[in-house]
Amino acid sequence: MTTAIWWVRRDQRLTDNQALAAALEQADQVIPVFVLDPVLMSAPDAGSKRVAFMLGGLRQLEADLQARGSGLIVRRGDPAAELAALVEETGAQAIFAEEDYWPYARQRDGRIARSLPLHLVGGLTVHPPGMVLKADGTPYTVFTPFSRVWKALPPPDATSLLAAPRSMPALPELRSLPIPTEPALPASVPFPPGEAEAQRRLLDFADPDTAAANQQAGGINHYSEARDRVDLDGTSRLSPYLRFGMLSARQAVVSALGAREAASHGEGRTGAETWLNELIWREFYVTILTHFPHVLEHSFRASLRKIAWENDESAFAAWRQGHTGYPVVDAAMRQLVETGWMHNRARMVVASFLVKDLLIDWRWGERFFMQYLVDGDPAANNGGWQWTAGTGTDAAPYFRIFNPTLQGKRHDPEGAYVRRWVPELSRVPDRYIHEPVTMPLDVQRESGCIVGQDYSAPIVDHAWARERTLNAYAQARTDQS
């Protein structure tokens, strides 16, 4: 009898799992295994909420496997040593795993492949990073041409999706640890873990019939117009499930393409196309990280690696705690710390504020996000921070500086988002909700919010900060030339 190990990593699902399918095709007996890697579990930026979400997903996967006659073997330690022991214990002829492109994962897998029969299978992205290339074989560093080539490749369709196996071979007697219950997932995190929840959310958001019936802000039909409103539930909220592979990238793209095809009006088609582009952005950043792993340590653009950052610790603390005096920034930061998630528009606003209003190194913010985000992903998080900082792959974006007050007025027009997360502003009139510092004193008293006492005064003047940042970036470009 042939035996294979399915090494579960960022593919906590049974539906459309190419590594699992390959193992089942090649072997009579398949042993699902998850290795608790101390290097990852105890890393400074591991993030307790993200770890708890991952562990919850493992418990769901274990239950799904048990319902099919199998189970999940859990080990703790160096993956190379634990897999070697399992190969010895089971006589497995092969190990199948979904390929990951994070530098740590690539180094780990390369080391393991030199001594064990490791077979890496696609699935983290629809098209592998080595497939979307220029004619000369070099990678794209600008999104638009990358997207154009990505879309020109044969698209996946519903027939390419792999059904979850109805049954699995029974496990032999093997030592297995219980899945840790700590850290526990706080009730404030609005993401129940597991494949079943991922499938439910995908159906609610992207299924053509469900989307057509949804006449409110949610759903893919309204995605293009609602996705930037921080006060609305207008996004898919699928990113944590994509992060840990509780939903496959291929199924998400198939759903986007299906919704575009089924849309009966322009708004629906635009919504589906816009969401598809967001999924392609995810693949673009994986490609950037694969070909330019130095972006985790340095700015992508060499011309902006010597910016004279202020790196004021007290200003950084005010940003982290949501006490900057700019309501939409403070609301977003408090949402992140409490729930482990932040709206994508809000991520851009708070990143711009940290880097270009406070002139604090983008890497400080990138690390803080990774400590709190349930969907924290090295490629997407780094790409987003460098895009906003102007140090990334855009052609000339360093002068793009968000005005946090205008962003609040535009994307939270009635102040509902601010009032939810900054309760001291709950009674402030609409006209002042994004600029409480401009309230007359009698209005401050009436609303129960004295600026500088009940709510922070702005810690920096945006107009002044903007000029400071433009000068700092210009000087860095001059120094580099």
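Residues numbered from 1 in each chain as written. Predicted model: local features only at pLDDT ≥ 70, side-chain atom pairs only at ≥ 80, totals over all residues. Heavy atoms only, no water.

**Student:** Talk me through the packing of helix α14 (residues 327–339) against helix α16 (residues 362–372); I want residue IDs and the actual numbers.
**Tutor:** Taken N-terminus to C-terminus, the directions of α14 and α16 make an angle of 40 degrees; their axes are 8 Å apart at the nearest point. What the angle tells us is that α14 and α16 run oblique. Residues M333, L336 and V337 of α14 pack against F368, F369 and Y372 of α16. Grouping the constituent residues of the contact of α14 with α16 by class yields 6 nonpolar, no polar and no charged. (Axes fitted to C-alpha atoms, helices over the stretch in contact; angles between N-to-C directions. Helix = DSSP H or I, 4+ residues; strand = E, 2+ residues; numbered from the N terminus. Parallel < 35°, antiparallel > 145°, perpendicular 65-115°, else oblique. Contact = heavy atoms within 4.5 Å. Nonpolar A, V, L, I, M, F, W, Y, C, P; charged D, E, K, R; others polar.)

**Student:** Outline the packing of aromatic side chains, listing residues and values.
**Tutor:** Inspection of every chain in the model, using the stated rule, returns 23 aromatic pairs. Measuring from centroid to centroid gives 5.8 Å for F143 and F284, while their planes differ by 75 degrees, and the two rings are edge-to-face. Here the residue F143 occupies a position in helix α6 (residues 143–152), and F284 occupies one in helix α12 (residues 266–291), the gap between them amounting to 141 residues. With relative accessibility at 13%, the residue F143 sits in the buried group. Overall, F284 belongs to the buried group, its relative accessible area being 0%. Between F205 and W275 the ring centres are 5.0 Å apart and the planes differ by 70 degrees, which places this aromatic pair in the edge-to-face class. (Phe/Tyr/Trp six-rings, centres within 6.5 Å; stacked < 30°, edge-to-face > 60°. Buried < 20%, exposed > 50% of the residue type's maximum accessible area, 1.4 Å probe, protein only.)

**Student:** Residues and numbers for the pattern of salt bridges, please.
**Tutor:** For the structure shown, the criterion picks out 25 salt bridges. The residue E82 makes a salt bridge to R75 at a minimum N-O spacing of 4.0 Å. Judged by its relative accessible area of 13%, E82 is buried. A salt bridge links E435 to K409, with the shortest nitrogen-to-oxygen separation between them at 2.9 Å. (Salt bridge = Lys/Arg side-chain N within 4 Å of Asp/Glu carboxyl O.)

**Student:** Could you give me a rundown of empty space enclosed by the protein, with the residues and numbers involved?
**Tutor:** Scanning the entire structure with this criterion turns up 3 cavities of 30 Å³ or more. Of the voids in this model, the largest cavity is the one considered here, and its volume is about 100 Å³. As for the largest cavity, its lining consists of 13 residues, of which Y285, I288, V295, N382 and G383 are closest to the centre. Contributions of two or more residues to the lining of the largest cavity are made by α12 and α17 (378–389). The leading source of residues in the lining of the largest cavity is α17, at 6 residues. Along the lines of polarity and charge, the residues of the lining of the largest cavity split into 8 nonpolar, 5 polar and no charged. Taken as a whole, the second largest cavity encloses approximately 70 Å³ of empty space. Its residues assigned to classes, the lining of the second largest cavity comprises 7 nonpolar, 1 polar and 3 charged. (1 Å grid on protein atoms, 1.4 Å probe; cavity = no way out; pocket = protein on both sides within 12 Å on 5 of 7 lines; lining within 4 Å. Points joined across faces, edges and corners; volume = space filled by probe spheres on them.)

**Student:** Residues and numbers for the sheet that holds strand β1 (residues 3–7), please.
**Tutor:** With parallel pairing, the 5 strands of this open sheet are ordered in space as β3-β2-β1-β4-β5. Where the open sheet ends on each side, the last strands, each with one partner, are β3 (73–76) and β5 (118–121). Averaged over all pairs of adjacent strands, the angle between strand axes in this sheet comes to 30 degrees, irrespective of strand direction. As paired strands, β1 and strand β2 (residues 29–36) are joined by 5 bridges and run parallel to one another. Bridging across to β2, I5 finds its partner in I31. Helix α3 (residues 48–66) rests against β1 and β2 of the sheet, and its axis sits at about 165 degrees to β2. Each of β1 and β5 is contacted by helix α5 (residues 103–113), which is oriented at about 140 degrees to β5, the strand it contacts most. (Pairing = 2+ DSSP bridges.)

Everything listed is a geometric property; what it means functionally is a separate question.
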